[in-house]
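Fold and contact review
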Amino acid sequence: MEKPMTIFDISGRAMSAQLVRLNATASNMANAGSISGSKESAYRAIRPVFTPVTQGPGVATVTVDRVVTSDTPATKRHDPGHPLADANGDVWEAGVDSSAELVDMVEASRMYQNNVQVLQTAKTLMLETIRLGK
Amino acid sequence: MAIEDQLFGIHGKALALRSQRLTLIASNIANASTPGYKAQDIDFDKALAAATRDQGTVAGALEKAMGYRVPLQSSADGNTVEMSTEQTLFAENAVKYRTTLSFLEGRLNTITRALKGE
């Protein structure tokens, strides 16, 4: 039989998943505004896909199923003076929506905090239960 | 009636149920940003009634009282976890867990005193 999932597993894995999301956001932000010589090689935002890991009714944690590349297209810009410009004098700017990334970052960090709070409460309650009758 | 029920009355099972509910709400909070996740919870009164009935078990009571949360506002990705609701219920459940703990503490103190003959 599978080891029963504790509250520590649930919140711990959720924190890891949110951290993956935060890392993806950091990569996207770092590459925002980066220039590329062709449409294909331009950086496109990456995004993790969350999926629940269920164990019995109502008991579920979350994991990162896969990381997908978003379909935000790279922006073409005419800049003949740029060293990476192609024959037409065009360059491609990374397909990253910075404001969407910032919003995502704030949400990921809030979710992380929520899970930390859950963990902290659960820990306190368990320690109190251990002390029962002493 | 099991020996622990004689000692602790309703509180033993109440603590087990509170602990289970804590796990359920933690699951909901963990999946707050999972697309399509449906928040689940138990009706605590119903669960406690089922668990304290004759030959009632905590696991059976959980199954009977389980249900899906009805969201106040539906979201586009099909997720029904609402952080404000979950956090409030989690806090409430934690306080009630503590309450049950102090009831148990009282019972234990009484028994210990009786044993020591103070």
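Residues numbered from 1 in each chain as written. Chains lettered and ligands numbered in written order. Predicted model: local features only at pLDDT ≥ 70, side-chain atom pairs only at ≥ 80, totals over all residues.

1. Focus on the sheet that holds strand β1 (residues 35–36) of chain A
Residue and element names in this part refer to chain A. Taken together, the three strands give an open sheet; going across it, the order is β1-β5-β4, and neighbouring strands pair in antiparallel fashion. If you trace the sheet from one side to the other, it starts and ends with β1 and β4 (75–78), each paired once. Note that β1 and strand β5 (residues 90–93) share two bridges and pair antiparallel. Residue pairing in the sheet places Ser36 in a bridge with Trp92 of β5. (Pairing = 2+ DSSP bridges. Helix = DSSP H or I, 4+ residues; strand = E, 2+ residues; numbered from the N terminus.)

2. Some points on the environment of Ala122 of chain A
Following the sequence through the fold, Ala122 of chain A ends up in helix α2 (residues 98–130). In sequence terms Ala122 of chain A and Pro80 of chain A are 42 residues apart; their C-alpha atoms lie 60 Å from each other. Those residues in contact with Ala122 of chain A that sit more than four places away from it in its chain are Ile7 and Phe8 of chain A together with Leu22 and Ala26 of chain B. (Contact = placed C-beta atoms within 7 Å.)

3. Topic: the packing of helix α1 (residues 7–31) of chain A against helix α2 (residues 11–30) of chain B
For any two helices packed against each other, one specifies the inter-axial angle together with the distance between the axes. Across the interface, α1 of chain A lies against α2 of chain B with an axial gap of 9 Å and an inter-helix angle of 10°. Taken as axis vectors, α1 of chain A and α2 of chain B run roughly parallel relative to one another. Here Ile7, Ile10, Ser11 and Ala14 of chain A of α1 of chain A come into contact with α2 of chain B, specifically with Leu22, Thr23, Ala26, Ser27 and Ala30 of chain B. (Axes fitted to C-alpha atoms, helices over the stretch in contact; angles between N-to-C directions. Parallel < 35°, antiparallel > 145°, perpendicular 65-115°, else oblique.)

4. A few points about the packing of helix α3 (residues 44–52) of chain B against helix α4 (residues 58–65) of chain B
Residues and elements named next belong to chain B. Axis separation between α3 and α4 bottoms out at 8 Å; the angle between their running directions is 145°. Our pair here, α3 against α4, has a crossing hand that is right-handed. Taken together, the residues of α4 that come into contact with α3 (itself represented by Lys46, Ala47, Ala50 and Ala51) are Val58, Gly60, Ala61, Leu62, Lys64 and Ala65. Residue composition of the contact of α3 with α4, by class: seven nonpolar, one polar and two charged. (Left-handed = near helix turned anticlockwise from the far one by under 90°. Nonpolar A, V, L, I, M, F, W, Y, C, P; charged D, E, K, R; others polar.)

5. Points about the interface of chain B and chain A
Taken together, the contacts link 25 residues of chain B with 25 residues of chain A. At the level of elements, α2 and α5 (83–116) of chain B are the ones that each hand at least two residues to the side of chain B that touches chain A. Considering each element in turn, the side of chain B that touches chain A owes the most residues, nine residues, to α5 of chain B. For the side of chain B that touches chain A, a count of residues per class yields 16 nonpolar, six polar and three charged.

6. Observations concerning α1 of chain A
With 25 residues, α1 of chain A ought to run about 36 Å at 1.5 Å a step, and its terminal C-alpha atoms sit 36 Å apart, in line with that. Among all positions of α1 of chain A, only Ile7, Ile10, Ser11, Ala14, Ala17, Gln18, Arg21, Ala24, Thr25 and Asn28 of chain A are buried. Buried positions along α1 of chain A lie against β2 (46–54), β3 (60–69) and α2 of chain A together with α2 of chain B. Phi turns positive one or two residues past the end of α1 of chain A, at Gly33 of chain A, with a value near 85°. (Expected span 1.5 Å × (residues − 1). Buried ≥ 20, exposed ≤ 12 C-beta atoms within 10 Å, placed from the backbone.)

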